[in-house]
Amino acid sequence: MFIKALQSIESIPEGYLIKTESAYVKLVFMTEDIIRFRVSFDHRFQEQSYGLVHTCWADDFDEVLKDERTRSESLKVPYEDEGEDLVFTTSSLRLKLHKSPFYLRLYNQDNQLIYSDLKERAYDQDQLGRLTHYSLFDYQLDHCYGFGEKTGKLDKKGRHMRMAPKDAIGSDPEFGEPLYKHVPFYVRVSEQHLHALGLFYNNSHDAVFDMGNERSGYWDSYCYYQTDGGDLDLFLINGPTLTEVTQRYTFLTGTQAMPTKQSLGYTASTMYYTELDKDCDKEIYRVIRKYRQEQIPIDNFWLASGYTSGEQDNLRYTFNWNRRRFPDPEGFIQKMTEDGINVIPNLKPGVLEHHPYLEYYRQQDAFVKTPDGSQDYIGRWWGGAGRFVDFTSKKGRSAWQELLKKQILTKGIQTIWNDNCEFDGVEDRNAQVSADGCGGTMAGYKPLQANMMAYAGLKAFKEVYPNMRPYLISRAGFAGIQRYAQVWAGDNLTSWRTLKFNIATLVGMGISGMANCGADIGGFAGPAPEAELLLRWIQNGIFQPRFCINSANSDNTVTQPWMYPSMLPYIREAYQLRYHLMPYLYSLMRQSHVDGLPVMRALCAEFPEDLRSYSDEHYTFMFGPALLVANVVEKGASERRLYLPGGSRWFDLSRHFQAYEGGQEISCPVDLKSIPLFLREGAIIPSSHDFKDNATTPVRNLDLLIEGSKDCEFTLYDDDGCTQDYLRGAYSELKISVKAGARMQINFQHQGSYQTRLERMLLKVVSLKRSALYVAVNGEKLPQFLIEDDFKASSQGWFYANEENLIYIKYPALSSDYTVEVSSEKFDLIGMENNG
């Protein structure tokens with residue numbers, strides 16, 4: 001049943017109500033750049049969203065999300081009736097709604113067509129009740145990115161993808177479908193105009209995206225979104241750049257939760273450590289000592305679910321502590337905390353028949369119900385038949401929160417790890433849920449259980465630790481999960497292909513708002529990674545916000561960074577690089593929290609005018625705005641081919657800043673220690689060598705790598721890394737801005753009340769084959785050193801390292817605003833330059 005023709009249009013408080021012969025449509029202009037176009041075949045328009053944090057209408061869940069949601073007035077956008085079309089115009093977009101056949105087109109300010117429904121086949125409800133939205137799609141020119149968490153290449157054109165989260169252990173990294181998360185959002189870009197447009201379907205029913213895979217000779221080339229129920233609740237999100245689309249998408253669904261510093265350090269885990277017959281705590285102590293002995297930093301330890309196992313049957317019982325394996329949980333947590341390790345225990349939402357808290361849950365009426373609502377629903381679970389906590393129920397959340405506080409948080413644990421939260425064992429989608437008193441079924445709320453599980457954990461955390469910064473982790477989730485939790489790509493397969501395709505998966509997750517993400521380094525499912533694969537995976541993993549080795553190897557081994565002694569020197573170097581870059585990474589995570597920007601960025605996000613950057617054939621990415629990362633992802637590689645985007649020069653960090661023009665493909669030689677990194681022209685990268693074995697070390701010595709041939713800026717962010725005091729102004733923002741020229745000006749401006757521990761600044765200014773004439777701080781010239789040892793022994797001064805092509809500048813840190821001037825003006829040492 002396709003919508004055929006517009007019958008009437010009328011104004012309503014939030015916008016317009018459009019009636020057709022088969023469906024009603026609500027048209028709402030939320031902002032100049034965000035348009036809601038909601039098609040309802042049942043005409044009910046129920047507003048029940050757990051995903052949105054910004055609305056222009058009342059919602060049944062406003063009270064539940066009162067601490068997160070903002071409601072504003074929609075724009076009043078008049079329309080012009082042009083006969084065949086109704087035309088709505090904002091400052092940046094023009095929407096044309098064709099009356100018959102009924103379909104919409106969207107134009108940008110330059111009158112370029114940036115989107116069109118499929119004429120005569122735009123909106124459909126089929127004989128099964130499924131809803132489909134068809135759009136024009138040019139397979140040759142269109143590209144599409146995002147879709148939450150998906151396998152394969154970054155550009156998903158030609159793919160047929162399901163949104164129906166599974167416990168997808170060991171999925172094929174290129175073709176596996178579906179995975180763990182349900183995020184019905186993507187960005188499309190046409191090569192005709194390179195104008196990015198986002199499409200977000202606020203609907204949590206199982207769905208399909210077909211991006212030009214299906215063909216029919218009776219229609220123009222198309223793509224479609226199809227969902228099993230609900231409405232076609234579409235949000236059109238303008239760019240014009242991919243980055244701006246992501247920012248506006250996170251305006252709707254929430255930006256990334258602000259992480260703790262410790263969470264950005266390395267995390268160790270494996271199923272093995274908690275599966276020993278007894279004294280798992282002692283084994284873990286030995287493992288931590290081994291990290292110290294091998295000089296490999298570690299901040300966090302994932303406690304796999306074996307700690308919850310029943311002592312008689314070895315089945316998983318969340319919130320139970322196996323006392324043979326962990327005789328003194330409180331003592332274990334205290335000892336690990338004193339050793340600088342954050343313990344992160346696994347939590348699962350399923351409850352088996354012999355779970356020690358089963359009766360408690362039943363008394364609290366905490367479970368998902370059968371379709372008739374008369375009994376607890378029982379489905380497949382890890383270890384047998386199980387019940388499932390209903391996190392859309394206030395009773396379910398309350399029951400969970402009480403156990404979480406009693407058995408986990410009050411024992412000193414400050415991180416919540418939600419696992420197996422896809423609710424894949426609820427096979428009957430007609431099983432009933434509370435939906436906070438509104439009533440619903442798992443068909444519509446299955447992926448939202450993970451969001452509300454995180455929500456419940458957040459509430460419990462704040463009750464126990466009211467001023468501490470929450471750190472939550474979730475394997476599953478719907479749109480908006482990023483505002484609660486760090487996420488990861490689930491139980492990935494150990495293979496070289498996974499290493500490569502996980503890069504695209506993580507970049508796509510970042511486009512979809514999930515900036516704090518990662519994938520299990522070395523692979524989770526399968527045999528142990530071979531030596532070279534583990535090395536290359538670690539060398540890539542150091543750029544993932546979630547930096548974690550986690551395994552359940554099929555050959556009775558444990559993936560550990562020291563398992564191949566021949567690789568250990570290179571692995572140590574990779575870990576050191578991760579920790580040295582912590583000031584840069586923490587600042588990027590702050591930006592993600594404020595603006596929604598990812599850390600691992602697609603080349604086309606940073607270089608939207610470079611047509612070639614819209615393909616990902618080389619599996620490279622930007623680490624923030626400054627570094628292009630081209631990890632080695634092929635076995636036995638002796639060279640690495642990559643594309644350097646146009647619009648910038650690039651400097652090879654491994655070859656003394658050898659310069660390349662952008663817009664070309666190059667090949668660089670690699671060996672085992674190689675992590676090909678290219679510095680962008682006009683870039684600033686803060687780092688520190690103060691980080692030795694943990695991520696919470698206060699920075700006293702700050703290094704700044706500066707390529708200042710173009711004007712550039714970067715804001716270095718710092719706070720205490722663990723509390724909520726930053727919300728009350730206890731943070732430090734050091735804005736570093738460079739004005740390029742013969743007298744380069746490097747300006748430092750401070751903001752915020754947090755007192756950093758900075759004592760010394762070391763600037764490393766890229767200068768190819770030329771020293772400086774002078775360097776001055778606030779107009780006072782620093783002494784120049786010609787001998788490097790003299791420079792190192794001094795408290796301030798500057799030195800030019802010819803081979804490195806760097807001007808080193810050292811001086812005591814200043815708490816007030818100041819300027820460093822680096823002169824590269826011509827100078828005549830002996831007064832002969834103009835002679836003769």
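Look above for the structure.
Residues numbered from 1 in each chain as written. Predicted model: local features only at pLDDT ≥ 70, side-chain atom pairs only at ≥ 80, totals over all residues. Heavy atoms only, no water.

Visitor: Just checking my understanding: could you explain the overall build of the protein for this structure?
Guide: Helix and strand content of the protein: 13 helices and 57 strands. By the compact-globule yardstick of 28 Å for 836 residues, the protein fits well, its C-alpha radius of gyration being 28 Å. Dimensions of the protein, computed from the C-alpha atoms along their principal axes, are close to 90 × 75 × 50 Å. Counting the 836 residues in the protein, one finds 63% classified as buried. Accessible area for the protein stands at about 30,400 Å²; split by element, carbon and sulfur atoms hold 46% of it. Taken together, the 90 basic and 110 acidic charged side chains of the protein have centroids lying 3 Å from each other. (Helix = DSSP H or I, 4+ residues; strand = E, 2+ residues; numbered from the N terminus. Rg over C-alpha atoms; globule rule 2.2 N^0.38 Å. Buried < 20%, exposed > 50% of the residue type's maximum accessible area, 1.4 Å probe, protein only. Areas by Shrake-Rupley, 256 points an atom, 1.4 Å probe, with all protein chains shown as cover. Lys, Arg positive; Asp, Glu negative; His and termini not counted. Charge placed at Lys NZ, Arg CZ, Asp CG, Glu CD.)

Visitor: What exactly am I supposed to notice about the nonpolar core here?
Guide: Generally speaking, soluble globular proteins have nonpolar side chains that are buried together. Among the nonpolar cores identified, the biggest contains 200 residues, and Tyr361, Ile746, Phe748 and Leu763 are the most heavily contacted of them. If sequence neighbours within four positions are ignored, Leu763 has contacts with Leu704, Ile706, Ile746, Phe748, Ile807, Tyr808, Ile809, Tyr811 and Val820. (Core = buried A, V, L, I, M, F, W, Y, C linked by side-chain atoms within 4.5 Å. Contact = heavy atoms within 4.5 Å.)

Visitor: Hey, could you run me through helix α9 (residues 531-541) in this one?
Guide: Each α-helix turn comprises 3.6 residues. Residues three or four places apart therefore point the same way. Buried residues dominate α9, accounting for 11 of its 11 residues. All buried positions along α9 are accounted for by Ala531, Glu532, Leu533, Leu534, Leu535, Arg536, Trp537, Ile538, Gln539, Asn540 and Gly541. Close packing links the buried residues of α9 with α8 (496-511), β36 (548-549), α10 (568-580) and β39 (621-623).

Visitor: Is there a simple way to think about helix α5 (residues 394-407) in this case?
Guide: The terminal C-alpha atoms of α5 lie 20 Å apart, and with 14 residues this matches the ideal 20 Å at 1.5 Å per residue to within 8%. Listed in full, the buried residues belonging to α5 are Gly396, Arg397, Ala399, Trp400, Gln401, Leu403, Leu404, Lys405 and Gln407. N-capping of α5 is provided by Ser393, with a side-chain oxygen placed 3.1 Å from the backbone N of Lys395. (Expected span 1.5 Å × (residues − 1). Polar contact = N/O pair within 3.5 Å; in protein donor to acceptor, adjacent residues only side chain to side chain.)

Visitor: Just to check I follow, could you spell out the sheet that holds strand β4 (residues 34-40) for this structure?
Guide: Pairing between the strands of a sheet comes from backbone hydrogen bonds, and it takes one of two forms, parallel or antiparallel. With respect to topology, 8 strands assemble into an open sheet ordered β1-β2-β3-β4-β21-β18-β17-β14, the strand pairing being antiparallel. Each edge of the open sheet is held by one strand with a lone partner, namely β1 (6-12) and β14 (142-146). Sheet twist, expressed as the mean angle between neighbouring strand axes with direction ignored, is 20 degrees. Pairing analysis gives 4 bridges linking strand β17 (residues 185-190) to strand β18 (residues 197-201), with the strands arranged antiparallel. For Tyr186, the partnering residue across the bridge sits in β18 and is Leu199. (Pairing = 2+ DSSP bridges. Axes fitted to C-alpha atoms, helices over the stretch in contact; angles between N-to-C directions.)

Visitor: Even after reading the chapter, I still don't get the environment of Ser815, so can you show me in this structure?
Guide: Tracing the chain through its elements places Ser815 in the loop between β56 (806-812) and β57 (818-823). Counting along the chain gives 81 residues from Ser815 to Leu734, while the straight-line C-alpha distance between them is 9.9 Å.

Visitor: Got a minute to help me understand the sheet that holds strand β42 (residues 649-652) in this structure?
Guide: On the basis of which strands lie adjacent, the open sheet formed by 6 strands has the order β38-β39-β40-β45-β42-β43 and antiparallel pairing. If you trace the sheet from one side to the other, it starts and ends with β38 (600-601) and β43 (658-661), each paired once. Across 4 bridges, β42 lies against β43 in antiparallel orientation. Residue pairing across strands places Phe651 opposite Ala659, the latter belonging to β43.

Visitor: Looking at this model, I keep getting lost on unusual backbone geometry. Mind explaining?
Guide: Trans is the common state for peptide bonds, and a negative phi is the common state for residues other than glycine. Note the cis peptide between Ser100 and Pro101, where omega equals 0 degrees. For the peptide bond that leads from Gly239 to Pro240, omega is 15 degrees, which places it in the cis range. For Pro240, the position within the fold is in the loop between β21 (232-238) and α1 (242-253). Here Lys769, not a glycine, exhibits a phi torsion of approximately 60 degrees, which is positive. In this fold, Lys769 is placed in the loop between β51 (760-766) and β52 (774-777).

Visitor: I keep staring at the pattern of salt bridges and nothing clicks. Help me out?
Guide: Any two side chains of opposite charge can pair, on the condition that their charged atoms come close. The full count for this structure, using the stated rule, is 67 salt bridges. For the salt bridge of Asp491 with Arg475, the shortest nitrogen-to-oxygen distance reads 3.0 Å. Taken together, the residues span a long stretch of sequence, with Asp491 in the loop between β33 (486-488) and α8 and Arg475 in the loop between β31 (472-474) and β32 (477-478) at a distance of 16 residues. Residue classification places Asp491 among the buried residues on the basis of a relative accessible area of 9%. On the basis of relative accessibility, which here comes to 0%, the residue Arg475 falls in the buried class. (Salt bridge = Lys/Arg side-chain N within 4 Å of Asp/Glu carboxyl O.)

Visitor: Just to check I follow, could you spell out the pairing of β51 for this structure?
Guide: In terms of burial, β51 is a largely internal element, 6 of the 7 residues being buried. In the sheet, strand β47 (residues 701-707) pairs with β51 via 6 bridges, with the strands oriented parallel. In the sheet register, Ile706 faces β51, and the bridge partner there is Val765. Examined bridge by bridge, β51 and β56 share 7 bridges and lie antiparallel to one another. Of the residues in β56, the one forming a bridge with Leu762 is Lys810.

Visitor: How should the side chain of Arg578 be read in this particular structure?
Guide: Checked against the element boundaries, Arg578 lands in helix α10. Here Arg578 is buried and forms no salt bridge, its nearest opposite-charge partner Asp299 lying at an N-O distance of 8.2 Å. Among residues more than four places away in sequence, those in contact with Arg578 are Leu264, Gly541, Ile542, Phe543, Gln544, Pro545, Phe547 and Leu585.

Visitor: Please explain the packing of aromatic side chains as it appears in this structure.
Guide: Within a pair of aromatic rings, the relevant descriptors are the distance that separates the centres and the angle that separates the planes. Following the criterion strictly, the structure yields 58 aromatic pairs and no others. Here the aromatic rings of Phe147 and Phe209 are separated by 5.1 Å at their centres, their planes lie at 75 degrees, and the arrangement is edge-to-face. One end of the pair, Phe147, is in the loop between β14 and β15 (160-163); the other, Phe209, is in strand β19 (residues 207-210), with 62 residues separating them in the sequence. Summarising the burial analysis for this pair, Phe147 and Phe209 share the class buried. Seen from their ring centres, Phe388 and Phe423 are 6.1 Å apart, and the 45 degrees between their planes marks the pair as tilted. Within this pair, whereas Phe388 is found in strand β27 (residues 384-388), its partner Phe423 is found in the loop between β28 (416-418) and β29 (432-433), the two being separated by 35 residues in sequence. Here Phe388 falls in the buried class, since its relative accessible area comes to 0%. Put simply, the rings of Phe319, Trp381, Phe388, Phe391, Trp400 and Phe423 pair up and form one aromatic cluster. One residue, Lys335, lies across the ring of Tyr285, its end atom 5.1 Å from the ring centre. Lying over the aromatic face of Phe791, Lys810 brings its terminal NZ or CZ to 4.7 Å of the ring centre. (Phe/Tyr/Trp six-rings, centres within 6.5 Å; stacked < 30°, edge-to-face > 60°. Lys NZ or Arg CZ within 6 Å of the ring centre and 35° of its normal.)

Visitor: For this particular structure, what's the right way to read the side chain of Thr253?
Guide: Structurally, Thr253 is set in helix α1. Judged by relative accessible area, which is 0%, Thr253 ranks as buried. Within polar-contact distance, the side chain of Thr253 engages the side chain of Gln482 at 3.0 Å. If we skip the residues at most four places from it in the chain, Thr253 touches Gly51, Val53, Phe200, Ala479, Gly480, Gln482 and Arg483.

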